[in-house]
Amino acid sequence: MAAKEKLDMFCYQCSQTAQGTGCTLKGIYGKEATVARLQDNLLFALKGISAYLYHARELGYTDSEVDAFIENAFFSTLTNVNFDPQAFLKLALKAGEMNIKTMQLLKKAHIQAFGEPIPAQVRAGTVKGHGILVTGHDLHALDMLLKQVEGTDVFVYTHSEMLPRSRLPWT
């Protein structure tokens, strides 16, 4: 295949992919490019929902509706041979609902664990000494790290993704 040739489809979601790599015109079972893209988008959404749900679970919060949705959505992309685009559009809309529900659950978990965020002064810049840069969104891991370095000359730095931590009452 020429490097400049544009693929209409590249689907690698099942064990029946063409030549063991991926279907590029139409799926072995008749899947069209639109459905393959919708499935890819659904999997992308599931990754995000799962990541935030993981953080909520670390703090003891779960939601059986979100869990059931994740199982159903994975099933629809990995093992199901229903290639109805409308069904996947419905799953995409449901993924949006489950994403919001998951973020609300994580917010509740954060407030219960760390308190309601309040306005606070934030120091900018660095301080002489050892430092650890924290990225991501895991306030629970950040809390444990801050407890470990308390009273030492190790300073913890974050960026805007972790800025909510500096607005919590225990700061």
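Located above this text is the structure these notes cover.
A.B. asks: It is not clear to me how the nonpolar core should be interpreted in this structure. Could you clarify?
C.D. replies: Nonpolar side chains tend to gather and get buried jointly when the protein is soluble and globular. Grouped together as the largest cluster of nonpolar side chains are 29 residues, with contacts concentrated most on Leu42, Leu46, Ile49 and Phe69. Looking at this core, the elements with two or more residues in it are α1 (33–58), α2 (64–78), α3 (85–114) and α4 (139–149). Apart from the residues lying within four places of it in its own chain, the contact partners of Phe69 are Leu42, Leu46, Ile49, Leu91, Lys94, Ala95 and Met98. Among the nonpolar cores identified, the runner-up in size contains five residues, and Met9, Cys11, Cys23 and Ala36 belong to it.

A.B. asks: Just checking my understanding: could you explain the pairing of strand β1 (residues 130–134) for this structure?
C.D. replies: A regular strand places its side chains on the two faces of the sheet in alternate fashion. Both β1 and strand β2 (residues 154–158) contribute to a ladder of five bridges, which runs parallel. Residue pairing in the sheet places Ile132 in a bridge with Val156 of β2. Where the polypeptide runs from β1 across α4 and back to β2, its parallel neighbour, the crossover connection is right-handed.

A.B. asks: I tried to follow α4 on my own but got confused; where do I start?
C.D. replies: Helical periodicity: at 3.6 residues per turn, an α-helix aligns residues three or four positions apart in one direction. Buried within α4 are the following residues: Leu139, His140, Leu142, Asp143, Leu145, Leu146 and Val149. Trailing α4 by a residue or two, Gly151 shows a phi angle of about 85°, which is positive.

A.B. asks: Would you mind going over α2 with me for this structure?
C.D. replies: Across its 15 residues, α2 extends 21 Å between first and last C-alpha, which sits within 8% of the 21 Å expected from 1.5 Å per residue. Inspection of α2 places Val66, Phe69, Ile70, Ala73, Ser76 and Thr77 among the buried residues, and these make up the whole buried set. Buried positions in α2, seen along its axis, are confined to an arc of 135° and lie on one side of it. Within α2, the exposed residues directed more than 90 degrees away from the buried face are Ser64 and Glu71. Sitting at the head of α2, Asp63 places a side-chain oxygen 2.9 Å from the backbone nitrogen of Glu65.

A.B. asks: Even after reading the chapter, I still don't get the environment of Ile132, so can you show me in this structure?
C.D. replies: By the element assignment, Ile132 lies in strand β1. Here the alpha-carbon distance between Ile132 and Val156, two residues 24 residues apart in the chain, equals 4.9 Å. Filtering out sequence-adjacent residues up to four positions away, Ile132 remains in contact with Leu145, Val149, Val154, Phe155, Val156 and Tyr157.

A.B. asks: Can you help me understand the pattern of salt bridges in this one?
C.D. replies: Oppositely charged side chains may form a pair once their charged atoms are brought near each other. Considering all chains together, one arrives at six salt bridges under this definition. Between Lys147 and Asp143 there is a salt bridge; the shortest N-O distance is 3.2 Å. Here Asp143 and Lys147 lie together in helix α4, a separation of four residues that amounts to about one turn. Relative accessible area serves as the criterion here: at 56%, Lys147 is assigned to the exposed category.

Procedures and definitions
Residues numbered from 1 in each chain as written. Predicted model: local features only at pLDDT ≥ 70, side-chain atom pairs only at ≥ 80, totals over all residues. Heavy atoms only, no water. Core = buried A, V, L, I, M, F, W, Y, C linked by side-chain atoms within 4.5 Å. Buried < 20%, exposed > 50% of the residue type's maximum accessible area, 1.4 Å probe, protein only. Helix = DSSP H or I, 4+ residues; strand = E, 2+ residues; numbered from the N terminus. Contact = heavy atoms within 4.5 Å. Pairing = 2+ DSSP bridges. Right-handed = clockwise from strand over helix to strand, strands pointing away. Expected span 1.5 Å × (residues − 1). Arc of directions from axis to C-beta. Polar contact = N/O pair within 3.5 Å; in protein donor to acceptor, adjacent residues only side chain to side chain. Salt bridge = Lys/Arg side-chain N within 4 Å of Asp/Glu carboxyl O.

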